[in-house]
Amino acid sequence: MEVDAMKEMFSRSEKLLDIKHVNYIGDDLTTYYGLAIRRHPESACKMKDAIWATFYHKCSTGKDPQHSKCPEGADSWCKWRVAEARKRIGFI
Ligand SMILES: [Zn+2]
């Protein structure tokens with residue numbers, strides 16, 4: 001489902017049915033996609049980027065790391081990016 005359509009559906013249900021979506025029940029990706037959406041309520045583009053970052057992060061393996069779309073830095077939710085940042089500044 002497109003992020004724009006999902007956001008519109010959620011906002012419409014709030015207006016029409018007074019239902020607010022606050023929790024997502026489902027597999028890991030559903031949970032992480034929910035987090036990506038809630039972390040970027042101001043921008044559908046940022047939601048989309050965060051969802052793709054999660055997708056590639058979850059597809060990543062030790063032999064084929066795919067963390068280029070994950071947020072950089074020691075504060076990242078991506079442990080690979082945290083390790084990268086710490087290594088860069090000399091903690092590892
Ligand atoms: Zn990652």
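Before reading on, note that the structure itself is shown above.
Description of the structure in this document. (Residues numbered from 1 in each chain as written. Predicted model: local features only at pLDDT ≥ 70, side-chain atom pairs only at ≥ 80, totals over all residues.)

## What about the overall build of the chain?
(1) Moving on: Summing up its helical and strand segments, the chain has four helices and zero strands in all.
(2) Moving on: Secondary structure elements of the chain occur, N-terminal to C-terminal, as α-α-α-α.
(3) Moving on: Counting the 92 residues in the chain, one finds 13% classified as buried.
(4) Moving on: Relative to all contacts within the chain whose residues are 6 or more apart in sequence, the contacts with residues 24 or more apart total 15%. (Helix = DSSP H or I, 4+ residues; strand = E, 2+ residues; numbered from the N terminus. Buried ≥ 20, exposed ≤ 12 C-beta atoms within 10 Å, placed from the backbone. Contact = placed C-beta atoms within 7 Å.)

## A word on the nonpolar core
(1) Moving on: Ranked by size, the top nonpolar core spans nine residues in total: Val 3, Tyr 33, Ala 36, Ile 37, Met 47, Ala 50, Ile 51, Ala 53 and Cys 70.
(2) Moving on: The dominant element in this core, judged by the number of residues it contributes, is helix α3 (residues 44-59), at four residues.
(3) Moving on: Setting aside chain neighbours within four positions, we find Met 47 in contact with Val 3, Ala 36, Ile 37 and His 40. (Core = buried A, V, L, I, M, F, W, Y, C linked by C-beta atoms within 7 Å.)

## Remarks on the packing of helix α1 (residues 3-17) against α3
Axes are the key here: two packed helices are described by the angle between their axes and the distance separating the axes.
(1) Moving on: Two elements in contact, α1 and α3, have axes whose closest approach is 9 Å; the angle formed by their N-to-C orientations is 120 degrees. The angle between α1 and α3 places the two elements in the oblique class. α1 and α3 meet at a crossing whose hand is right-handed. For the pair α1 and α3, contact is made by Val 3, Asp 4 and Lys 7 and by Ala 44, Met 47, Lys 48 and Ile 51, respectively.
(2) Moving on: For the contact of α1 with α3, the residue count by class is four nonpolar, no polar and three charged. (Axes fitted to C-alpha atoms, helices over the stretch in contact; angles between N-to-C directions. Parallel < 35°, antiparallel > 145°, perpendicular 65-115°, else oblique. Left-handed = near helix turned anticlockwise from the far one by under 90°. Nonpolar A, V, L, I, M, F, W, Y, C, P; charged D, E, K, R; others polar.)

## Quick notes on α1
(1) Moving on: Compared with the 21 Å implied by 1.5 Å per residue over 15 residues, the 21 Å span of α1 between its first and last C-alpha is a close match.
(2) Moving on: Counting buried positions along α1 yields one of 15 residues, so the element is predominantly exposed.
(3) Moving on: Looking one or two residues beyond α1, the residue adopting positive phi is Asp 18, at roughly 60 degrees. (Expected span 1.5 Å × (residues − 1).)

## A short note on helix α2 (residues 28-39)
(1) Moving on: When the terminal C-alpha atoms of α2 are compared, their 16 Å separation across 12 residues agrees well with the 16 Å that a helix rising 1.5 Å per residue should span.
(2) Moving on: Summarising the contacts, the buried residues of α2 are in contact with α3.

## Remarks on the packing of α2 against α3
(1) Moving on: Where α2 meets α3, the axes come as close as 8 Å, and the angle between the chain directions of the two elements is 150 degrees. Judged by the angle between their axes, α2 and α3 are roughly antiparallel. The crossing of α2 and α3 is right-handed. Contacts from Asp 28, Leu 29, Tyr 32, Tyr 33, Ala 36, Ile 37 and Arg 39 in α2 reach Met 47, Ala 50, Ile 51, Thr 54 and Lys 58 in α3.
(2) Moving on: Across the contact of α2 with α3, the residue classes tally to eight nonpolar, one polar and three charged.

Nothing here speaks to function; it is all geometry.
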